[in-house]
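A closer look at the structure
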Amino acid sequence: MEQPYSVSHELERWLQSEGEKTLGSLVELFEQKGFAIVFVLLLAVPALPLPTGGATHVFEIIAVLLAAQLIAGRTRIWLPQRWHGLELAGQRQQRFIAGLMRMIRRLERFSRPRLRFLFDHRLSNIVFGLLVIAGCAGAFFAPPFTGLDTLPALGVVLIALGVLLEDIVVVVLGLVVMVAGVALEIVLGSAAIKGIGKLF
């Protein structure tokens, strides 16, 4: 019986292997799924339940630019040469990746490949890219210091993990989280605008 694909196992093997632990080597490890793993890394920080004050907007902008590559039809991620050498082996980076692996392992306990034929096609890649852009926009336009960027970013992380695991249930879960986050922003934003309007 074929063993299910394990993202956490691939990450752990990469961390324990010899050689440089750079962003470029991580993308090469995941090959065609390099887009998904980079989206997970970029959006995992704004997905943390901590007000960032807009400090993570640069990650969201980079994710949008990479999603545009996916929509344009690229099957392999292109990164500027200086980004290829970005070191991921520092103490802080390894601690972050270790925390990410714990989250992925919890997800893998109930995840399994579902409707695999839907993944890694031209159309599905376009949809993936559009969902990433939508989630990044939701996180980007969240009011600073409110923590409202958390749910849209978490939605993108879950969608990307669903693509890595080829599990449509995880993708749908991520979509629900992302839509809920954007809806919450709209509701609270409208309430704030009405409240300010009453003051004047």
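Above this text you will find the structure in question.
An account of the accompanying structure is given in this report. (Residues numbered from 1 in each chain as written. Predicted model: local features only at pLDDT ≥ 70, side-chain atom pairs only at ≥ 80, totals over all residues. Heavy atoms only, no water.)

**Quick word on the packing of helix 1 (residues 7-16) against helix 2 (residues 23-30)**
Put simply, helix 1 and helix 2 touch, their axes get as near as 11 Å, and they point 135 degrees apart. It follows that helix 1 is oblique to helix 2 by the angle criterion. Helix 1 and helix 2 meet at a crossing whose hand is right-handed. Only Ser25, Leu26, Leu29 and Phe30 of helix 2 make contact with helix 1, whose side of the interface consists of Val7, Glu10, Leu11, Arg13 and Trp14. Tallied by class, the residues present in the contact of helix 1 with helix 2 amount to six nonpolar, one polar and two charged. (Axes fitted to C-alpha atoms, helices over the stretch in contact; angles between N-to-C directions. Helix = DSSP H or I, 4+ residues; strand = E, 2+ residues; numbered from the N terminus. Parallel < 35°, antiparallel > 145°, perpendicular 65-115°, else oblique. Left-handed = near helix turned anticlockwise from the far one by under 90°. Contact = heavy atoms within 4.5 Å. Nonpolar A, V, L, I, M, F, W, Y, C, P; charged D, E, K, R; others polar.)

**Things to note about the nonpolar core**
In this structure, Phe39 and Phe128 are the most contacted members of the largest nonpolar core, which totals 51 residues. Excluding residues that lie within four positions of it along the chain, phenylalanine 39 makes contacts with Ala63, Leu66, Ala67, Leu70, Phe128, Val132 and Ala160. (Core = buried A, V, L, I, M, F, W, Y, C linked by side-chain atoms within 4.5 Å. Buried < 20%, exposed > 50% of the residue type's maximum accessible area, 1.4 Å probe, protein only.)

**Thoughts on the packing of aromatic side chains**
All told, the structure shown has three aromatic pairs when counted by the stated rule. A ring pair is formed by phenylalanine 35 and phenylalanine 39, whose centres lie 6.4 Å apart and whose planes are at 35 degrees; its orientation type is tilted. Placement of the pair is phenylalanine 35 and phenylalanine 39 together in helix 3 (residues 34-44), with a separation of four residues, close to one helical turn. As far as the burial class goes, phenylalanine 35 and phenylalanine 39 line up, both buried. On the numbers, 5.2 Å between centres and 80 degrees between planes, the contact of phenylalanine 140 with phenylalanine 141 is edge-to-face. Given a relative accessible area of 29%, phenylalanine 140 falls into the partly exposed group. (Phe/Tyr/Trp six-rings, centres within 6.5 Å; stacked < 30°, edge-to-face > 60°.)

**What about the pattern of salt bridges?**
On inspection of all chains with the given rule, the structure shows five salt bridges. Between glutamate 12 and arginine 105 there is a salt bridge, and its shortest N-O distance comes to 3.4 Å. Note that glutamate 12 is positioned in helix 1 and arginine 105 in helix 6 (residues 91-108), a separation of 93 residues in sequence. Of the charged contacts, one joins arginine 116 and glutamate 166 as a salt bridge, the two residues approaching to 2.7 Å between their closest N and O atoms. Of the two residues, arginine 116 sits in the loop between helix 6 and helix 7 (122-140) while glutamate 166 sits in the loop between helix 8 (150-165) and helix 9 (168-199), which places them 50 residues apart along the sequence. Judged by its relative accessible area of 43%, arginine 116 falls in the partly exposed class. Note on glutamate 166: relative accessible area 14%, which makes it buried. Several salt bridges converge on common partners, so that one network encompasses Lys33, Arg116 and Glu166. (Salt bridge = Lys/Arg side-chain N within 4 Å of Asp/Glu carboxyl O.)

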